[in-house]
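Observations on chain architecture
Single-letter residue listing:
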Amino acid sequence: MSSSSFIDRSIDLQEPPSTRPQQQSESERLKLLLDLTNSLVSNLECRDLLRAVSASIRQVMRCDTVGVWLPDAEKVHLRQLALDFPGSRGFVREDLLHPVVGSLLGDVFTSGKPLVVGAMSEEIAPEQSAEAHAEALESGCAVPLISRGRTLGVLTLGSRVENAISPDDVDFLMRAAGQIAIAIENALAYREIAELKDKLAQEKLYLEDEIRGEMDFEGIVGQSSALRHVLSLVETVAPSDSTVLLLGETGTGKELIARAIHDRSRRKDRTFVKLNCAAIPTGLLESELFGHERGAFTGAIAQKTGRLELADQGTLFLDEVGDIPLEIQPKLLRALQEREFERLGSNRTKQVDVRLVAATNRDLDKMMEDREFRSDLYYRLNVFPIRIPPLRERPEDIPLLVRYFTQKYGRRMQKQIESIPAAALRKLSSWHWPGIFVSWKTSLSVQ
């Protein structure tokens, strides 16, 4: 036998048998207070916490029912948030409401003083506690849950035996109520923080959706009204199959706008094919655009599929379309009008379904006057024109772009740049920026 067991047994032998139930009851109550203290840090879900507390109190106090009532936000009603009542007949249940004004529970809540009822049928009118009478509860008490001078709720106990609650029981319940109130305060604070966190998360998602709906164009940095206007036009034209003509200086980001149109069109899952008409020699441009058969010209040792055919069911982006030679323009016009073409060296017509986005930095109106560009092709291209502003017309985007590129190149050079000198920002904002569009994919360069 261990020494502690021997001592406990010796104490039990020395104590009269009549005092043992009392000692056991006090031990259970002390254990309950300890359990309540542990609950402060082990459970932060309010209803679950109060259900566990109610069950523990009912077992220790040997009563029939224990409930915890908390006020609503307006403190008009008290709601039974937790209930432990194994023998319930269904009249007393969770989420019952009692008014704060004009009810016994409301009086306990507003006064902060406990209420003990020894004989329910004699002391309380049936209309004051219909549920208690329906459950055959003969006695009970209501104890305010007070923390730091503020009443947070009410703890109720009920028994089907008259005068089941003694003054000692009330003293103990007031001590326990203080612990329960602290636990409730912590749980409510946790719930409030969780609700605020959820609200912030929802607001964040909402704002992201708003930004995504208006400005979530991959690779495009800026929030100026001029840029927003361009992106609004992109949103308008993208769902259709209309031909789009992008007008703007070199470097203003015409390809990025073309990609944005494609990504928001019904063709987004198909190919986006691009061709810079100014970067390919005139003799090879027709082959690049329409393709050729083997032996169509000197050096054509294999069949080649053109960009127009590659873009079938997708989008073809013709950059610098103003540099297409006059002799190729009729063939491009036919492809746009009839949706058909022939490869170089072939007499077989091919059908094609392509959405065309063209771009140029040249004045096509003047080129038509000078007979350098066909008017019928121009009208085919100029279905939905979008002018892309240079950076000098949207100076409010410069700080955003500076921060972006500072971070981008800082990461590339493995350097952490905390801030940008105000003088440098002023100089960048005051410069005239002749045709520069900065993005995720372009480099910061000045013409």
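Residues numbered from 1 in each chain as written. Predicted model: local features only at pLDDT ≥ 70, side-chain atom pairs only at ≥ 80, totals over all residues. Heavy atoms only, no water.

**Quick look at helix α10 (residues 282-290)**
For α10, the complete set of buried residues consists of Leu285, Ser287, Glu288, Leu289 and Phe290. Positioned one or two residues after α10, glycine 291 has a phi angle of 85°, which is positive. (Buried < 20%, exposed > 50% of the residue type's maximum accessible area, 1.4 Å probe, protein only. Helix = DSSP H or I, 4+ residues; strand = E, 2+ residues; numbered from the N terminus.)

**A look at the packing of helix α8 (residues 225-237) against helix α9 (residues 254-263)**
Running from amino to carboxyl end, α8 crosses α9 at an angle of 35°, the nearest separation of the two axes being 9 Å. For the element pair α8 and α9, the recorded crossing hand is right-handed. Judged by residue contacts, Val230, Leu231, Val234 and Val237 of α8 engage Ile257, Ala260 and Ile261 from α9. By residue class, the composition of the contact of α8 with α9 is seven nonpolar, no polar and no charged. (Axes fitted to C-alpha atoms, helices over the stretch in contact; angles between N-to-C directions. Left-handed = near helix turned anticlockwise from the far one by under 90°. Contact = heavy atoms within 4.5 Å. Nonpolar A, V, L, I, M, F, W, Y, C, P; charged D, E, K, R; others polar.)

**With respect to the pattern of salt bridges**
All told, the structure shown has 31 salt bridges when counted by the stated rule. Put simply, aspartate 48 and arginine 51 hold a salt bridge, and the shortest N to O gap is 3.9 Å. Of the two residues, aspartate 48 and arginine 51 are both situated in helix α3 (residues 46-61); the distance of three residues between them amounts to about one turn of the helix. By relative accessible area, which is 35% here, arginine 51 ends up partly exposed. Aspartate 84 is paired through a salt bridge with arginine 58; the nearest N and O atoms lie 2.2 Å apart. One end of the pair, aspartate 84, is in strand β2 (residues 77-84); the other, arginine 58, is in helix α3, and 26 residues separate them in sequence. (Salt bridge = Lys/Arg side-chain N within 4 Å of Asp/Glu carboxyl O.)

**Quick word on unusual backbone geometry**
Although it is not a glycine, arginine 62 adopts a positive phi angle of roughly 55°. By the secondary structure assignment, arginine 62 is in the loop between α3 and β1 (65-71). One non-glycine residue, asparagine 163, lies in the positive phi region at around 50°. Residue placement: asparagine 163 occurs in the loop between β6 (150-159) and α7 (167-215). With relative accessibility at 58%, the residue asparagine 163 sits in the exposed group.

**Description of the sheet that holds strand β4 (residues 115-117)**
Reading across the sheet, the six strands line up as β3-β2-β1-β6-β5-β4 and stay open at both edges, with antiparallel pairing between neighbours. Looking at which strands have only one partner, the edges of the open sheet turn out to be β3 (97-99) and β4. Going from strand to strand, the sheet's axes swing by 25° on average, the running direction of each strand aside. Of the pairings in the sheet, the one linking β4 to strand β5 (residues 139-147) comprises three bridges and is antiparallel in character. Paired with valine 117 across the bridge in β5 is glycine 140. The strands touched by α3 within the sheet are β1, β2 and β6, with β2 carrying the most contacts at an inclination of about 60°. Against the sheet, helix α4 (residues 104-111) touches β1, β2, β3, β4, β5 and β6, its axis set at about 140° to β6. (Pairing = 2+ DSSP bridges.)

**What about the packing of aromatic side chains?**
Under the definition given, this model contains four aromatic pairs. With 5.8 Å between their ring centres and 15° between their planes, phenylalanine 405 and tyrosine 409 make a pair best called stacked. Of this pair, phenylalanine 405 and tyrosine 409 both sit in helix α15 (residues 398-412), four residues apart, which is roughly one turn of the helix. Judged by relative accessible area, phenylalanine 405 falls into the buried class, the value being 4%. By relative accessible area, which is 23% here, tyrosine 409 ends up partly exposed. (Phe/Tyr/Trp six-rings, centres within 6.5 Å; stacked < 30°, edge-to-face > 60°.)

**Thoughts on empty space enclosed by the protein**
A full pass over the atoms with the stated rule returns one cavity of 30 Å³ or more. Here the largest cavity is characterised by a volume of approximately 430 Å³. Along its surface, the largest cavity is lined by 29 residues, and Leu105, Met120, Ser129, Ala132 and Thr156 are the ones closest to its centre. The set of elements that each furnish at least two residues to the lining of the largest cavity consists of β1, β2, α4, β4, α6 (130-134), β5 and β6. Its residues assigned to classes, the lining of the largest cavity shows 17 nonpolar, eleven polar and one charged. (1 Å grid on protein atoms, 1.4 Å probe; cavity = no way out; pocket = protein on both sides within 12 Å on 5 of 7 lines; lining within 4 Å. Points joined across faces, edges and corners; volume = space filled by probe spheres on them.)

**A word on the layout of surface pockets**
Over the atoms rolls a probe the size of a water molecule, and in doing so it shows where empty space is left. Put simply, the largest pocket is a space of about 420 Å³. Around the largest pocket, the lining is made up of 16 residues, and of these Leu70, Pro71, Arg150, Leu188 and Arg191 lie nearest the centre. Secondary structure elements with two or more residues in the lining of the largest pocket: β1, β2, β6 and α7. Residue contributions to the lining of the largest pocket peak at six residues, all from α7. Among the residues making up the lining of the largest pocket, the classes are represented as seven nonpolar, one polar and eight charged.

**Focus on α3**
The end-to-end C-alpha distance of α3 is 22 Å, a good match for the 22 Å that 16 residues give at a rise of 1.5 Å each. When we look at burial in α3, the residues that qualify are Cys46, Leu49, Leu50, Val53, Ser54, Ala55, Ile57, Arg58, Val60 and Met61. After α3 finishes, the residue arginine 62 shows a positive phi value of roughly 55°. (Expected span 1.5 Å × (residues − 1).)

**Points about the nonpolar core**
Among the nonpolar cores identified, the biggest contains 30 residues, and Phe290, Leu308, Leu316, Leu318, Ile324 and Phe373 are the most heavily contacted of them. If you list the elements that add at least two residues to this core, you get β8 (272-276), α10, β11 (315-319), α12 (329-338), β14 (355-360), α13 (364-369) and α14 (375-381). The contact partners of isoleucine 324, leaving out residues within four places of it in the chain, are Cys277, Leu285, Leu318, Gln329 and Leu332. Counting 29 residues, the second-largest nonpolar core is a separate cluster that includes Leu70, Leu81, Leu157 and Ile165. (Core = buried A, V, L, I, M, F, W, Y, C linked by side-chain atoms within 4.5 Å.)

**What to know about the confidence of the model for the protein chain**
On average, residues of the protein chain carry a pLDDT of 81, and 82% of them reach 70 or more. Note that pLDDT drops below 50 for residues 1-21; the model gives that stretch six contacts with residues more than four away or on any other chain. Predicted confidence for residues 210-215 stays below pLDDT 50, and this span has eight contacts to residues more than four positions away or in other chains. (pLDDT = per-residue confidence, 0-100.)

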